[in-house]
Number of protein chains: 2
Amino acid sequence: MTKAYVKSAAPLKVGIAGLGVVGAGVIRLLDKQASMLAARAGRPIKVVAVSARDKRKKRDMPKGNWRWHTDALDLVSDPEVEVVVELIGGSEGKARALVEAALKAGKGVVTANKALLAMHGTKLAMMAETKDAPLAFEAAVAGGIPILKALREGLVGNRIERITGILNGTCNYILTEMRQTGRDFGVVLKEAQQLGYAEADPSFDVDGIDAAHKLAVLTSLAFNTQVDFKAVHVEGIRHVSAVDIAFAKEFGYRIKLLAISHRTSRGIEQRVHPCMVPADTPIAHVDGVFNAVAAEGDYVGRMMFEGRGAGSNPTASAVVADLADLAAGRRLHAFGVPAVKLQPLKAAPMAEHVGRFYIRLIVRDQPGVLADVSAVLRDEKISIESLVQRGRSEAENQPVAVMLISHEAREADMARAMKKIAKLRSVLQAPALIRIEPL
Amino acid sequence: MTKAYVKSAAPLKVGIAGLGVVGAGVIRLLDKQASMLAARAGRPIKVVAVSARDKRKKRDMPKGNWRWHTDALDLVSDPEVEVVVELIGGSEGKARALVEAALKAGKGVVTANKALLAMHGTKLAMMAETKDAPLAFEAAVAGGIPILKALREGLVGNRIERITGILNGTCNYILTEMRQTGRDFGVVLKEAQQLGYAEADPSFDVDGIDAAHKLAVLTSLAFNTQVDFKAVHVEGIRHVSAVDIAFAKEFGYRIKLLAISHRTSRGIEQRVHPCMVPADTPIAHVDGVFNAVAAEGDYVGRMMFEGRGAGSNPTASAVVADLADLAAGRRLHAFGVPAVKLQPLKAAPMAEHVGRFYIRLIVRDQPGVLADVSAVLRDEKISIESLVQRGRSEAENQPVAVMLISHEAREADMARAMKKIAKLRSVLQAPALIRIEPL
C-alpha cells in the first residue's frame, strides 16, 4: 500500500501564466495561507516564475522573488518549474500551445480554461497520460465549488445518471434581477455590464456557450466519456422576457439557465437552455451569481453542491486545491478514468427529447388567432395543458401576449409547430420557447 | 513530482468488520460496480475477508469467496488484509480495539464510526501517522455527502470560519413531519420508529448526541484542532412542540436541529441545538432525512452541500470513496494536517454566546403573569422584541402559551432568567428555549 503521508519537505515549484484577476488571486492566496497550506499539503507550494505581457501593469498581489517570462512558453523551458498554471484563457492560441508544450515536457498542468478543455480535453488527457503528467482543472467548472473532485473521487462508487447545473453566474444574476425587479433582459444586461458581472461582449455568457463548455467537461467526468462539446444543444437567455418571468412567478415556476446531461436509452443528452423549474425545488433558490450542481448517483441518490462560481478568490481557491493535490502527491485521472478508456459519447438526438414546453407568442389581438395556433399544435400532435392571454387592450389589432403550456411533446414536433406558428400572419414575433424541467 | 497514475494492477485487499446494512451495502456496491471502480481507482478493490458474529443470518448481499472471521480482530492478523473497514460501531469495545490493532499493525483503516472518532479521533490519527497507515472516515459525517473530502482537499486553500450542518436525518425527518402535519413530537417519533427512521432507543439521535459526534469530527477537520467532543454544547429536540413549529411558520422561520462550529474571538464555539432559521435561507429547505453542510471559507465564501446523510447505499458510497482513494494511492491526513500539528481546541464558553432567543412559556391565564415574566427579563438586561399569547380561553386560570422573542442577549443572562421564570407560580412548565440563528 502507498505510504500515507508526504515525506518530502521540498516545495512544489509552480509557474503561473496569466496574471489577470484569477492569477493575482492565486498569488495572493498562496502568499497569505503559505504556512497553513504547507501543513495541509505536506510541503510548501512556491511560485518560482510567472508570465504576463505587461510587467508594469498594477496588480492586486504581493511582490515575489520569481522569474518573469514575457512569453508564457518559457515557463515550460524554465527548468525549475514543475507545474504550469494556465490562466490565459481561450481554446486556441497561446493557452493551448502552453498546455500542450507543458504536458509534452512531462510537467504538471493546472488550468481554469473550460473552453480549451471543452474543445481539446480528451486529447490533452491522452497527452498527460503518455507523459505521466497530471492535468487538473477544478477551477474550470463552477468556480470555487469542488464539484470535479466530488464527482471524480467523492462519488467514485456511483454510476452517475444525471447532472443538472447552474453553471453561468452572469446568466443567473440577470435572470434573478429580472425576477426581483420585473425589468427586461436588455436593461438588466446593461446594468450587469456596468457592475462588471457581464463582459462588454456578453455572447459567451448570455448565449449559453460558457455553460456549455463547462457542461461538456462535467459530462465527460461524470459519464467517463470523451469530451464532446459539439453534441451539446445550446440556447441562451436573450429571448427570455419580463412577461415570461411574470408568468413563471404566477404559475409557481422560476426561470433558470440550466445545463443538463442525462443518460437516456438513446444515449447521453447534453443541453443548455432556459428552463422553468418548480419554485419549491432547491435549485430554484440558487440566486444571483451563485452556481450549483446537482448530481444523481445510483448509490448516493441526489446530491447538490452550491457556491460561488466565479470571481478572483473562489477561482483561486479551486486552482490552489489542484496544486495542493499535486503537492501532496495525490493521483488523479483528468476525466475520472484513464484517457484511453474514455468512451466516445453516444449523443441522444435533441430532436427526440420529450418534455413539456412553455410557449409565448406576441399576437395581434383579433378573432381567430388562437384557433390558428391551436390548429397548428393539433396537427403536430401537441396537446395544450393551459393557455393564458395577457395585456388585452380596448382596441382591436393591438399586440398581446399569449402563453401556452403543452403536455409532453417531442422536440422535433415542437420545432415544426414553432416554424409554422411563426409564419401565421397574426403572430408578430418569433415564438419564444422555454422547456419545463421537472427536476 | 509524484507520477500521476497508479501502475499496479494488483487489487487492494480489504477486510470488512460488521455486516449490518452498511457492510452489506459496501459488499453490494463493490460487487456491482467492480469494473467501473477498477478503471476509476486504477486497480480493483477486493474483499478478501469479512467478520460478523452470525454467519447464517440472512443478508442482502452477494456471496463471495472471502474468509470468514468470527472475531473481527482476526482481520488484523489475516496477512492478506491490507485495509480494515470497521462498521461495527460504538466508541469503545470491539470497534475501538479493532481500529487500534489495525493501525498498530500498519494496516489502513476505513470507518464510519463517528462515536469512536469523536472520543478518540486525535489519538487514532497519531497512531495512524506513527505507522504511516491511512485512516479515513468519509462515511462518519453526513453519509453520502463527500463533505470531509470537500473540506480537507477541495477547500484546502481556505481558512474556514464557520460550519453549519444538518447532521442528523432522524431529527430532520421528525421536525419536517411536525411542520408538515402539525403533529407533536411524541406522535411523530413513534411513527418514525415504526418506519425505521428512528431507533427503539432514540436518545442518540433526538438528544443531539449523534449530531454532536459528527460536529466534533467536522470541527477538527475544518479548524485543524484536536477532536474535542466534550466542548460541544448539546441540546436535542424533545422540547420542541407543535406550538413552537406553528409560531415559527407564522413568523417566517423554520426549526432545524443545527450543528454549528464557529471561530470567535473567544475561541471555537461548538454547539448542537434546535434553531429557528429564516424560511428563505437554503438550509431551511433541507427537509426529511436529508443532511446538509454549509461551510464558510475566507477565499471561497459560503458553500453548501446537500444529500442523503444515512442509509445503506449512501453510506456505502462514502466508504467506497475512501477505499478508492487508498487504492489509487491518494494520500491524506485524517484531520487535514499531520496529527502532531493539531492544536488543542480553545473552546469558547457557551455562557458568553450572544444571540436572539425564542422563549415559549405555558402559563396560567391570569392578570400579572406577563408583568412578572417581563420583570425577570428586565432584571437580567434582556429586552423583548415581540410577544405573542395564544390559546386564550374563556375561563381564567386555564393554561395558555406565551411566545417571546428577545433582542440579542448573553447565554448566561438568559439561563439565569429561565431559572427564575421557571420558579414563577403562574408558569406551569419549564420554559422552552430555541435560539434564533441568523445564517
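Since this is a predicted model, take the numbers as computed values, not measurements. (Residues numbered from 1 in each chain as written. Chains lettered and ligands numbered in written order. Predicted model: local features only at pLDDT ≥ 70, side-chain atom pairs only at ≥ 80, totals over all residues. Heavy atoms only, no water.)

Caption draft 1: Focus on the UniProt feature "binding site: NADP(+)" (unreviewed entry) in chain A. Residue and element names in this part refer to chain A. Summarizing the sequence annotation, UniProt attributes the feature "binding site: NADP(+)" (unreviewed entry) to Ala17, Gly18, Leu19, Gly20, Val21, Val22, Gly23 and Ala24 in the numbering used throughout. Checked against the element boundaries, Leu19 lands in the loop between β1 (12–17) and α1 (21–32). Beyond its immediate stretch of four places on either side in the chain, Leu19 contacts Ala24, Ile27, Val50, Ser51, Ala52, Arg59, Met61 and Trp68. Relative to the assigned elements, Val21 resides in helix α1. Using a relative accessible area of 60% as the deciding quantity, one classes Val21 as exposed. (UniProt positions renumbered as here; feature names shortened; annotations may be inferred. Helix = DSSP H or I, 4+ residues; strand = E, 2+ residues; numbered from the N terminus. Contact = heavy atoms within 4.5 Å. Buried < 20%, exposed > 50% of the residue type's maximum accessible area, 1.4 Å probe, protein only.)

Caption draft 2: Seen up close, the nonpolar core. Ile147(A), Leu151(A), Ile174(A), Ile147(B), Leu151(B) and Ile174(B) are the most contacted members of the largest nonpolar core, which totals 180 residues. Sequence-distant contacts of Ile147(B), that is, excluding residues within four places in its chain, are made with Glu138(B), Val141(B), Ala142(B), Leu218(B), Val293(B) and Phe305(B). (Core = buried A, V, L, I, M, F, W, Y, C linked by side-chain atoms within 4.5 Å.)

Caption draft 3: Local environment of the relation of the copies chain A and chain B. Once chain A is rotated about the relating axis by 180° and shifted along it by 0.0 Å, it coincides with chain B to within an RMSD of 0.0 Å. The two molecules are tied by a two-fold rotation axis, judged by turn and shift. With an isologous cut-off of 70% or more, the 99% of interface residues of chain A that recur at the interface of chain B puts this contact in the isologous class. (Least-squares fit on C-alpha atoms with pLDDT ≥ 70 in both.)

Caption draft 4: Region of interest: the UniProt feature "binding site: L-homoserine" (unreviewed entry) in chain A. Residues and elements named next belong to chain A. Here, the residues flagged by UniProt with the feature "binding site: L-homoserine" (unreviewed entry) are Glu199. Tracing the backbone shows Glu199 in the loop between α8 (185–195) and α9 (203–206). Apart from residues lying up to four places away in sequence, Glu199 is in contact with Gln193 and Asp205.

Caption draft 5: Highlighting the pattern of salt bridges. Evaluation of the coordinates by the stated rule reveals 77 salt bridges over all chains. For Arg330(B), the salt bridge identified is with Glu153(A), shortest N-O distance 3.8 Å. Note that Arg330(B) is positioned in the loop between α12 (312–327) and β13 (354–364) and Glu153(A) in helix α6 (residues 147–154), a pairing that runs across two chains. By relative accessible area, which is 8% here, Arg330(B) ends up buried. For Glu153(A), a relative accessible area of 1% gives the class buried. For Arg271(A), the salt bridge identified is with Glu437(A), shortest N-O distance 3.0 Å. Of this pair, Arg271(A) sits in strand β10 (residues 267–278) while Glu437(A) sits in the segment after β17 (432–436), and the two are 166 residues apart along the sequence. For Glu437(A), a relative accessible area of 3% translates into the label buried. (Salt bridge = Lys/Arg side-chain N within 4 Å of Asp/Glu carboxyl O.)

Caption draft 6: Focus on the pairing of strand β15 (residues 399–406) of chain A. Residues and elements named next belong to chain A. Burial runs high along β15: seven of the eight residues are buried. As defined by bridge partners, strand β13 (residues 354–364) adjoins β15 across seven bridges and the pair is classed as antiparallel. Looking at β15, one finds that Arg360 is bridged to Met403. In terms of strand pairing, strand β14 (residues 384–390) meets β15 through six bridges, oriented antiparallel. Note that in β15 the partner of Ser386 across the bridge is Ile405. (Pairing = 2+ DSSP bridges.)

Caption draft 7: Inspection of the sheet that holds strand β5 (residues 108–111) of chain A at higher detail. Residues and elements named next belong to chain A. Within the open sheet, the six strands sit side by side as β3-β2-β1-β4-β5-β6. Their pairing is parallel. Edge strands, defined here as strands with exactly one partner in the open sheet, are β3 (67–69) and β6 (135–136). Note: β5 against β6, two bridges, orientation parallel. Within β6, the residue paired with Val110 across the bridge is Ala136.

Caption draft 8: How the structure looks around the environment of Gly288(B). Residues and elements named next belong to chain B. Here Gly288 shows up in the loop between β10 (267–278) and β11 (290–297). By relative accessible area, Gly288 is classed as buried at 15%. The spatial distance from the C-alpha of Gly288 to the C-alpha of Ala142 is 14 Å, given a sequence separation of 146 residues. Ignoring any residue separated from it by four or fewer positions in sequence, one finds Gly288 in contact with Gly169, Asn172, Tyr173 and Thr176.

Caption draft 9: Main features of the packing of helix α4 (residues 93–104) of chain A against helix α5 (residues 114–130) of chain A. Residues and elements named next belong to chain A. It is at 10 Å that the axes of α4 and α5 come closest, and there the two elements cross at 15°. On the basis of their axis angle, the class for α4 and α5 is roughly parallel. Crossing geometry of α4 relative to α5 is assigned as right-handed. Facing α4, whose interface residues are Ala95, Arg96, Val99, Glu100, Leu103 and Lys104, α5 presents Leu116, His120, Lys123, Leu124, Met127 and Ala128. Counted by class, the contact of α4 with α5 contains seven nonpolar, one polar and four charged residues. (Axes fitted to C-alpha atoms, helices over the stretch in contact; angles between N-to-C directions. Parallel < 35°, antiparallel > 145°, perpendicular 65-115°, else oblique. Left-handed = near helix turned anticlockwise from the far one by under 90°. Nonpolar A, V, L, I, M, F, W, Y, C, P; charged D, E, K, R; others polar.)

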